[in-house]
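# Descriptive analysis of the structure
The primary structure of each chain is shown beneath.
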Amino acid sequence: GSAKEAEIALEEGADGIGLFRTEFLFMGASDTGEEAQFNEYRTVLELMKDKPVVIRTLDAGGDKIINDKNLPSAGEKNPLLGRRAIRLCLAETELFKTQLRALLRSSVYGNLKIMLPLLTDISELHRTQKLIEEVKAELSASAVPFNKDVPLGLMIETPAAALTADTLANEAAFFSIGSNDLTQYTLCVDRENELVAPLFDELHPAVRRLIVSTVRAAHERGIPVSVCGEMAANGANMLLLMSMGIKSFSVSPKKISDLKEVLSRFTLGQIESLKEWADSPEEGRLIKEKLQSFF
Ligand code: PEP
Ligand code: MG
């Protein structure tokens, strides 16, 4: 969420940054203009040198309420199903283009990848691609340098995206599975509501099956797929995700060494044996028990 956190990630032995949440820049910051954003992105990219840095475009709204004068607050009755994330950016194109311009300008300072949150429809990718082309044309006209080939990837964190992953994979450079929102939207469980917290189950067969089919779609089209939701921060769950064919995980920096230690305890063959639980119809709690005893 910040250049400071990127420093911690490096100290903790990260191979890159799998999810840079840009909304934190907007929370409480007095200046969220193009220069301020550019400086932050550039700092992170320079710090990480040639390691990949996946920066997610603004994921505001829903559970991430941002009080920024540039962001209209619609007072929605049901913000989790409202104009949040990519929907907000596509509705506020000047705000979005400012961020895209800052990102593209920073791209010459490191190994940048751009990622879009909360897609439900391929038209959102197409509209973003069009805006990126506009920004590139503007930068070229002003002779501002940028990397012309910054990969554009997608978060798969809605059932709609997971179920159409085969189509999305034709045009996305990579996928990153957001297990937090994927679980929330698949199971209709508000991830912040304590009353329904016991129902929030990343191992529910519906969630596992959506992950398995997303990975299959990515592999069939030959694009990388990782997981950046909290699910991967749990050692046993990470092993299950590996058995599904996922080899790249993004977790908070402080979890990195614990997870490396977990990995050092198992052979690939042992991890692959978990595959039979990947999309089995068994209840989440049973899979959890099995994973615990394997662990
Ligand atoms: C997710 O939804 O899994 C995710 C990584 O994004 P966020 O937690 O920021 O919504
Ligand atoms: Mg999310």
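What you are looking at is a predicted structure, and each value in this text was computed from that prediction instead of being measured.

## Focus: the overall build of the protein
Scanning the protein from terminus to terminus reveals 14 helices and six strands. For the protein, the C-alpha radius of gyration of 19 Å lies close to 19 Å, the compact-globule estimate for 295 residues. Along the longest, intermediate and shortest principal axes, the C-alpha atoms of the protein span 60 × 45 × 35 Å. Considering the protein as a whole, with its 295 residues, one finds that 49% of them fall into the buried category. Nonlocal contacts in the protein, meaning residues at least 24 apart in sequence, comprise 71% of its contacts between residues at least 6 apart. In the structure as shown, the protein presents an accessible area of about 13,600 Å², 51% of it carried by carbon and sulfur atoms. The positive charge centre, built from 34 side chains, and the negative charge centre, built from 43, are 2 Å apart in the protein.

## Re the site of ligand 1
Lining the immediate surroundings of ligand 1 are 14 residues, of which R21, R56, K64, N180 and R191 lie closest. G178 places a polar main-chain atom, nitrogen or oxygen, 3.3 Å from an oxygen atom of ligand 1. In isolation ligand 1 offers 290 Å² of accessible surface; the protein chains occlude 99% of this area. Elements represented by at least two residues in the shell around ligand 1 include exactly strand 1 (17-21) and helix 9 (179-187). The dominant element in the shell around ligand 1, judged by the number of residues it contributes, is helix 9, at three residues.

## Some details on the pattern of salt bridges
Within this structure, the stated rule accounts for 20 salt bridges. A salt bridge links E23 to R56, with the nearest nitrogen and oxygen atoms 2.5 Å apart. Of this pair, E23 sits in helix 2 (residues 23-26) while R56 sits in strand 2 (residues 52-56), placing them 33 residues apart in sequence. Residue class for E23 comes out buried when judged on its relative accessible area of 0%. Among the residues examined, R56 registers a relative accessible area of 2% and is labelled buried. Three or more residues joined by partner-sharing salt bridges are found here, namely E34, E35, K97, R101, R105, K130, E134 and E138.

## Points about unusual backbone geometry
With a phi close to 55 degrees, A85 is a non-glycine residue in the positive phi region. What makes A85 buried here is its relative accessible area of 0%. Of note, L118 is a non-glycine position whose phi angle comes to about 55 degrees, a positive value. Summarising the element assignment, L118 is placed in the loop between strand 3 (111-116) and helix 6 (122-141).

## Some details on the sheet that holds strand 4 (residues 152-156)
With parallel pairing, the six strands of this open sheet are ordered in space as 1-2-3-4-5-6. Single-partner strands in this sheet number two, and they are strand 1 and strand 6 (225-227). In this sheet, adjacent strand axes meet at a mean angle of 30 degrees when their direction is disregarded. Pairing of strand 4 with strand 5 (residues 175-177) involves three bridges; the strand directions are parallel. What sits directly across from M155, in strand 5, is S176.

## Looking at the coordination of the magnesium ion (ligand 2)
Taken together, the protein donors to the magnesium ion (ligand 2) comprise E157 (OE) and D181 (OD), at separations of 2.0 to 2.1 Å. In this pair, E157 is assigned in the loop between strand 4 and helix 7 (159-163) and D181 in helix 9, connecting sequence segments 24 residues apart. Across the pair, exposure class does not vary: E157 and D181 are buried alike.

## Some points on helix 5 (residues 93-106)
With 14 residues, helix 5 extends 20 Å from end C-alpha to end C-alpha; this agrees with the ideal 20 Å at 1.5 Å per step. Elements in contact with the buried residues of helix 5: helix 2, helix 3 (34-48), strand 2, helix 4 (86-91), strand 3 and helix 6.

## A closer look at the environment of A9
In this structure, A9 sits in helix 1 (residues 3-11). Taking the C-alpha atoms as reference points, A9 and M27, separated by 18 residues in sequence, lie 21 Å from one another. Contact partners of A9, with chain neighbours within four places excluded, come to A14, P253 and I256.

What counts, and where the lines are drawn
Residues numbered from 1 in each chain as written. Chains lettered and ligands numbered in written order. Predicted model: local features only at pLDDT ≥ 70, side-chain atom pairs only at ≥ 80, totals over all residues. Heavy atoms only, no water. Helix = DSSP H or I, 4+ residues; strand = E, 2+ residues; numbered from the N terminus. Rg over C-alpha atoms; globule rule 2.2 N^0.38 Å. Buried < 20%, exposed > 50% of the residue type's maximum accessible area, 1.4 Å probe, protein only. Contact = heavy atoms within 4.5 Å. Areas by Shrake-Rupley, 256 points an atom, 1.4 Å probe, with all protein chains shown as cover. Lys, Arg positive; Asp, Glu negative; His and termini not counted. Charge placed at Lys NZ, Arg CZ, Asp CG, Glu CD. Near = heavy atom within 4 Å. Polar contact = N/O pair within 3.5 Å; in protein donor to acceptor, adjacent residues only side chain to side chain. Salt bridge = Lys/Arg side-chain N within 4 Å of Asp/Glu carboxyl O. Pairing = 2+ DSSP bridges. Axes fitted to C-alpha atoms, helices over the stretch in contact; angles between N-to-C directions. Donors = N, O, S within 2.8 Å, 3.2 Å for Na, K, Ca; no water. Expected span 1.5 Å × (residues − 1).

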